[in-house]
Amino acid sequence: MADIFDAVVIGGGPGGYNAAIRLGQLGLTAACIDKRGRFGGTCLNIGCIPSKALLFASERFEEAKKTFGKLGITTEVGLDLGTMMQHKDKVVGELTKGVEFLFKKNKVEPIVGEARITAPGKIEVRAADGGVRTLAAKNIIIATGSDVMPLPGVTIDEERIVSSTGALSLKSVPKRLLVVGAGVIGLELGSVWRRLGSEVTVVEFLARITPGLDGEVSKTFQRILTKQGFSFHLSTKVTGVEKKGDVLAVTVEPAAGGAPQTLEADVILVCIGRRPYTDGLGLDEIGVARDPKGRVITDSHFKTNVPGIWAIGDCREGPMLAHKAEDEAVAAAERIAGRAGHVNYDAIPSVVYTAPEVAVVGKTEEELKAAGIAYKVGKFPFSANGRAKTILATEGFVKILAEAATDKVLGVHIIGPEAGNLIAEATLAMEFGASSEDIARTCHAHPTLTEAVRQAAMAVEGWTMQM
Ligand code: FAD
Ligand code: NAI
């Protein structure tokens, strides 16, 4: 006999666990299945949270070595990598347990095992011990997330040739770390190991780092990272890796073809993107459509082409971000409960947690140009912000793009201290359809970094006062 639920969620990441919690809040009977054994998905177990724990710790380490002296603090600094890793593991443990607590509170049944949809409304869950449980549900939400994109010809062993997962748990600081892919993971985890002592070389296929970011921000970002010690090989591809004793010999060549070159490394981090994780779920057998990238196709309400089956998060289109998955989770659960949930994709922020941080919401200058939208630009550097000076973090700027005809804010791009927190104000402004003048005329506390956002908004109309 099948256990019957109003809705069953497959996948316990930010998409899946938030969907299950919202379903429970709305009074529906829900279960959330994950095969990992610990809930929280990629984000809590091997993504956002452990990476931010190491970014925080390694930033303090570098600060103690390089900045404390300037503040009159003398100290002897040493690295205890084991304790740093314990800090990361403790945070992950607490947060993943927290998800189970939230399930209990919202009457969601957690189920550990690998799920497969055998027919619309029917799910089979196979536990690690081989036991099989059958569930029935009017609604099934697929929230199976994503997995590491492999690099052809390079086998990840998670010890010397690692994905982000291995890079979060290295047992010692590699002398030379070669990063393949100048995207978010490469620059965040590259920063962690550079701060702890590695020489970091990044090989990127394209002619720029962080594709998708505003071009001006990306250029400034590369200049700052280079000053910190990163070395970049742009327009370059990795064609092979050979293990020569303790050394990895990496063959690279120009992306457009040309003479090969060999780089040596002790550890290689492969981070060239992630791919949706939708195999083995039985989707082809029951006719759920996927696109050529393997992403589950849905309409704007997260419904697949098979009635009663929904999809959210990394396994469908859109940015692979935890908060995007969470927003889709809330909207899908509300739709299932007969409410009007929806996601505003124009106001989804994105943050790179390096130092300085990079945070964006909305359109880039390149996107506005391509769309033929006339816009005004307001910029303000952190070097002119009082608070930034007091915390010795004056690199970077805030840039606000507003529609020329209406002054509506279309994009905000920040590179600088606390950019990830500062972007919340811009996101809220955009959600409310604010003009740059709305931001410029809002009182901002002094002395805070938020004043840089206000001054950039003033700059849109040419009345920046603190420059
Ligand atoms: P996931 O979190 O991937 O969860 C899917 C879950 O489904 C997994 O636990 C998997 O075990 C389970 N599953 C899959 N198939 C089955 C099955 N058949 N049966 C049962 N269970 C199954 N995003 C941010 O917004 N901010 C960040 O700072 C950030 N940092 C990141 C750092 C790293 C190193 C990585 C790798 C990613 C990071 N991300 C970050 C991205 C973020 O982790 C993802 O966007 C987010 O986890 C997606 O959530 P999801 O619920 O769609 O999928
Ligand atoms: P990414 O898409 O950010 O960057 C991949 C980079 O690799 C790109 O610059 C791409 O041009 C390059 N590349 C692709 N193929 C290549 C090749 N063969 N050789 C050299 N370079 C190549 O992907 P990344 O960094 O792996 O991260 C995956 C996803 O995880 C991100 O897109 C993001 O959605 C999510 N994430 C988010 C974080 C955040 O929000 N702070 C942190 C980490 C991950």
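Think of each chain on its own: its residues are numbered from 1, step by step along the sequence as written. Written order decides the labels, with chains lettered from A and ligands numbered from 1. Given that the model is predicted, a residue must reach a pLDDT of at least 70 before its local features are reported, and side-chain atom pairs must reach 80 or more before they are shown or counted; all residues, however, enter totals for whole chains, interfaces and linings. The side-chain values count all of the structure's non-hydrogen atoms but skip hydrogen atoms and water molecules.

Student: Where do I start with the sheet that holds strand β10 (residues 199-203) in this structure?
Tutor: Sheet strands pair via backbone hydrogen bonds, and the direction of the pair is either parallel or antiparallel. Strand order in this open sheet of five strands is β8-β15-β9-β10-β11, and the pairing throughout is parallel. Bordering the open sheet on either side are β8 (161-162) and β11 (231-233), each of which pairs with just one other strand. Direction of pairing for β8 relative to strand β15 (residues 267-270): parallel, over a ladder of two bridges. If you follow valine 162 over to β15, its bridge partner there is leucine 269. Most of the contacts of helix α6 (residues 184-196) go to strand β9 (residues 176-180), to which it runs at about 175°, and overall it touches β9, β10, β11 and β15. Here the rule is simple: two strands pair whenever DSSP picks up at least two bridges between them. Working definition: helices are DSSP H or I runs of at least four residues, strands are E runs of at least two. Numbering for both runs from the N terminus. Contacts were defined at the residue level, with two residues in contact if any of their heavy atoms lie within 4.5 Å. In this analysis, axes come from line fits to C-alpha atoms, helices being fitted only over the stretch in contact, and the angle between any two N-to-C directions falls in the range 0 to 180 degrees.

Student: Got a minute to help me understand the site of ligand 1 in this structure?
Tutor: When we say a residue is near a molecule or strand, we mean one of its heavy atoms is within 4 Å of it. Near ligand 1, the surroundings consist of 39 residues, among which Gly15, Asp34, Thr42, Lys52 and Ala322 are the closest. Contacts described as polar in this section are N or O atom pairs within 3.5 Å, which, within protein, must combine one atom able to donate a hydrogen with one able to accept it, while residues neighboring in sequence count only if both atoms come from side chains. One of the backbone N or O atoms of glycine 15 is found 2.8 Å from an oxygen atom in ligand 1. Here the open area of atoms and residues is found with the Shrake-Rupley method and a 1.4 Å probe, where only the protein chains shown may cover a residue. Against a free-state accessible area of 1,000 Å², the protein chains account for coverage of 95% of ligand 1. Listing elements by their share of the shell around ligand 1, those giving two or more residues are α1 (14-25), β2 (30-34), α2 (41-46), α3 (48-66), β4 (114-119) and α9 (322-336). For the shell around ligand 1, the element with the highest residue contribution is α2, accounting for four residues. Of the residues assigned to the shell around ligand 1, the class counts are 16 nonpolar, 16 polar and seven charged. The residue classification treats Ala, Val, Leu, Ile, Met, Phe, Trp, Tyr, Cys and Pro as nonpolar and Asp, Glu, Lys and Arg as charged. All others, Gly included, are polar.

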